[in-house]
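# Architecture at a glance
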2 protein chains.
Amino acid sequence: MDIADWRTKIDEIDRKLVEMLNLRAEAAQEIGRLKRVAEMPIYEPDRERAVLTQVQQANRGPLQHRHLLQIYERIMDVMRNVQKDEIVGTSEEPVASDTERDAEVQD
Amino acid sequence: MDIADWRTKIDEIDRKLVEMLNLRAEAAQEIGRLKRVAEMPIYEPDRERAVLTQVQQANRGPLQHRHLLQIYERIMDVMRNVQKDEIVGTSEEPVASDTERDAEVQD
């Protein structure tokens, strides 16, 4: 396989990753709704630690644990914001434009 | 579904995400090997822009584009490091221990 072939493979993987990340966001939203009703906090450090432990246990490489954790820390930051939007009721906000892509989320 | 059910679903999604991220890392390593032979640069801004455009096009929500891009910027940072390890020949480094998880990668 040459570089172009590997990139085609990466593009396929990316489409699946985008789909899985959206499924994860959907679940985070649902949990957000349930937390709103139950008046539970968004940030639950025990659950976050459990997620990171499971992710490490599922890791068969070649990604090193620290690399996977770097990615997961970002995924969980974003999911916490998705859940916050759900709880404070701003979930109907339209998808952001390209010009917003460099905006930092401060949580 | 209650919160525990949604978390079980998230755990399943995470196992698949870890698998897909590792497949992507594998492809990045292969590209790294080919780049080493061809003496090509690791950082290719045109390719990175193309990846981000495709990822946005594949996004059907509920993740907002800016959230997806925040995750992808981290994924691409990490993959660049994976590729760099491949090119400079440090890919045999063992997986990092838990104690390294907070280490920041400065590239």
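Read on for a plain summary of the structure. Every chain's residues receive numbers from 1 upward, in the order its sequence appears when written. The naming scheme follows written order: chains are lettered A onward, ligands numbered 1 onward. Thresholds applied to this predicted model are a pLDDT of at least 70 for local features of residues and 80 or more for the giving and counting of side-chain atom pairs; totals over whole chains, interfaces and linings are not thresholded and use all residues. Calculated side-chain values reflect all of the structure's heavy atoms, with hydrogen atoms and water omitted.

### Topic: the overall build of chain A
Looking only at helices and strands, chain A has 3 helices and 0 strands in total. The secondary structure listing takes helices from DSSP runs of H or I that are at least 4 residues long and strands from runs of E that are at least 2 residues long, numbered from the N terminus. Going residue by residue from the N terminus, the α and β elements of chain A occur as α-α-α. When accessible area is computed with a 1.4 Å probe and restricted to protein chains, residues below 20% of their type maximum are described as buried, those above 50% as exposed, and intermediate ones as partly exposed. Looking at chain A as a whole, 47% of its 107 residues qualify as buried. Expressed as a percentage of contacts within chain A between residues at least 6 apart in sequence, the contacts between residues at least 24 apart total 69%. The contact definition used throughout considers only heavy atoms, calling two residues in contact when any of these lie within 4.5 Å.

### Quick word on the side chain of Glu48(B)
Among the structural elements, Glu48(B) can be located in helix α2 (residues 45–58). If we skip the residues at most four places from it in the chain, Glu48(B) touches Tyr43(B), Met76(B) and Arg80(B).

### Topic: helix α3 (residues 65–88) of chain A
Helical periodicity: at 3.6 residues per turn, an α-helix aligns residues three or four positions apart in one direction. To estimate the expected span of a helix, count its residues, drop one, and scale the result by 1.5 Å. Along its 24 residues, α3(A) runs 34 Å from first to last C-alpha, staying within 8% of the 34 Å computed at 1.5 Å per residue. Buried residues dominate α3(A), accounting for 18 of its 24 residues.

### Notes on the interface of chain A and chain B
Counting residues at the interface gives 68 residues for chain A and 69 residues for chain B. Note on chain A versus chain B: buried area summed over both sides is about 6500 Å², and carbon and sulfur give 65% of it. For this document, the term salt bridge refers to a Lys or Arg side-chain nitrogen within 4 Å of an Asp or Glu carboxyl oxygen. Joining chain A to chain B, the criterion identifies 6 salt bridges. For the salt bridge of Arg24(B) with Asp14(A), the shortest nitrogen-to-oxygen distance reads 2.7 Å. Elements with a contribution of two residues or more to the side of chain A that touches chain B: α1 (3–38), α2 (45–58) and α3 of chain A. When two parts are put together, the accessible area they lose, computed with a 1.4 Å probe and summed over both, is reported as buried area.

Remember, this is a structural readout, not a statement about activity or role.
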